Amino acid sequence: MNTIKYTKTMAALAAAALLCTGCSDKAAQTASTANQTDAAAQTDTTSAKSIQEVYQEIEQSVSLHSPQCMDDDFISNYYGIDAASLEEYVFSMSEDAAQAETIIIMKVKNTDDLENLAASLQTVVDEKKNEMENYIPEQFAIVEKSKVQTKDNYIWLVISDNADAVTDIIESGLF
C-alpha cells in the first residue's frame with residue numbers, strides 16, 4: 001500500500017514539476033517580449049524629444065541670460081506668428097535688454113508654413129541687429145552669427161554666445 005501511495009505522490013510531483021516548467025518558460029517568453037517592447041519604446045522616445053524637453057535640456061546644460069518664454073499673444077502681436085499653425089514651440093528671449101540671447105524652436109503642423117515662419121524669425125534677427133549694432137557691439141556680433149535653420153517640420157533660431165552647444169542639443173534632441 002505504501003508503494004502505491006509513494007508512486008501516486010511521485011507521479012503528482014512529476015506532473016506538478018512539468019506544469020511549473022511549462023509556466024516558467026511561458027512567463028520567461030512573455031517577460032522577454034515585454035522587455036523587448038519596452039526597449040523599443042524607450043528607443044523611440046529617446047530619439048525624439050518634445051520641444052519642451054529639449055529646451056529644459058538646454059537650460060540645464062547651457063548658461064542662459066535671464067531667459068523669458070513668450071506666449072501666443074506675444075509671438076502673434078510682435079512677429080505675426082500664428083500659434084495655431086504650430087504643434088509646439090518655445091520662444092525664449094532674454095529679459096535683459098543688454099543681452100541679445102534668443103532661442104526659438106518650433107514644430108509646424110504644415111511644412112508649407114516654414115517659409116513664412118523663416119521670414120518671421122529673420123525679422124527677430126533683424127530687430128536684434130538694429131537694437132545692438134550701435135550700442136552693444138559684442139552682442140551685435142553674436143546676432144550676426146545667427147541663422148534661421150529648418151529640418152523636416154522644425155524651424156529654429158539660436159542667438160547666443162553658446163549657439164553651437166544649443167544647436168547641438170536641439171539637433172540631437174529632435175532628430
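For clarity, every value in this text was computed on a predicted model and none was experimentally measured.

A. Representation of the packing of helix 4 (residues 114-132) against helix 5 (residues 137-145) in the model. Relative to each other, helix 4 and helix 5 sit at 160°, their axes nearing to 8 Å. Classed by the angle they form, the pair helix 4 and helix 5 counts as roughly antiparallel. In this structure, helix 4 meets helix 5 at a crossing whose hand is left-handed. Taking contact as the criterion, the partners of V125, K128, K129 and M132 in helix 4 are, on helix 5, P137, Q139, F140, V143 and E144.

B. Focus on the packing of aromatic side chains. Per the counting criterion, the structure on display carries six aromatic pairs. Consider the rings of W156 and F175, whose centres lie 5.9 Å apart with planes at 45°: the pair is tilted. Of the two residues, W156 sits in strand 5 (residues 154-159) while F175 sits in the segment after helix 6 (163-174), which places them 19 residues apart along the sequence. Accessibility expressed as a relative area gives 1% for W156, which makes it buried. The structure contains a cluster of three or more aromatic residues connected by ring pairs, namely F74, Y78, Y79 and F91.

C. Geometry of the sheet that holds strand 1 (residues 67-69). Here we have five strands laid out as an open sheet, ordered 1-2-3-5-4, and antiparallel in their pairing. A single partner strand is all that each edge strand has here, and the edge strands are strand 1 and strand 4 (148-151). Taken over all neighbouring pairs, the strand axes of this sheet differ in orientation by 15° on average, direction set aside. Packed on one face of the sheet, helix 4 meets strand 2 (86-94), strand 3 (102-108), strand 4 and strand 5 and runs near 5° to strand 5. Along the sheet face, helix 6 touches strand 3, strand 4 and strand 5 and points at about 160° away from the line of strand 5.

D. Broad picture of the pairing of strand 3. For strand 3, a buried count of seven out of seven residues is recorded, marking the element as mostly surrounded by other parts of the structure. Direction of pairing for strand 2 relative to strand 3: antiparallel, over a ladder of seven bridges. Within strand 3, the residue paired with F91 across the bridge is I104. Relative to strand 5, strand 3 runs antiparallel, the two sharing six bridges. Along strand 5, the bridge assignment pairs I104 with L157.

E. Just unusual backbone geometry, in detail. Notably, S66 is not glycine yet its phi reads approximately 45°, a positive angle. Looking at the element boundaries, S66 is found in the loop between helix 2 (51-61) and strand 1. Note on S66: relative accessible area 35%, which makes it partly exposed. Positive phi outside glycine occurs at D152, with the angle close to 55°. Relative to the assigned elements, D152 resides in the loop between strand 4 and strand 5.

F. Structural view of a negative patch on the surface. Taken together, D71, D72, D73 and D82 make up a surface patch of like negative charges. Looking at the element boundaries, D71 is found in the loop between strand 1 and helix 3 (72-79). Looking at D71, the relative accessible area reads 44%, which means it is partly exposed.

Rules used throughout
- Residues numbered from 1 in each chain as written.
- Predicted model: local features only at pLDDT ≥ 70, side-chain atom pairs only at ≥ 80, totals over all residues.
- Heavy atoms only, no water.
- Axes fitted to C-alpha atoms, helices over the stretch in contact; angles between N-to-C directions.
- Helix = DSSP H or I, 4+ residues; strand = E, 2+ residues; numbered from the N terminus.
- Parallel < 35°, antiparallel > 145°, perpendicular 65-115°, else oblique.
- Left-handed = near helix turned anticlockwise from the far one by under 90°.
- Contact = heavy atoms within 4.5 Å.
- Phe/Tyr/Trp six-rings, centres within 6.5 Å; stacked < 30°, edge-to-face > 60°.
- Buried < 20%, exposed > 50% of the residue type's maximum accessible area, 1.4 Å probe, protein only.
- Pairing = 2+ DSSP bridges.
- Patch = residues over 30% accessible without salt bridge, like charges linked within 9 Å, V, L, I, M, F, W, Y side chains within 5 Å.
- Areas by Shrake-Rupley, 256 points an atom, 1.4 Å probe, with all protein chains shown as cover.
- Salt bridge = Lys/Arg side-chain N within 4 Å of Asp/Glu carboxyl O.
- Lys, Arg positive; Asp, Glu negative; His and termini not counted.
- Charge placed at Lys NZ, Arg CZ, Asp CG, Glu CD.

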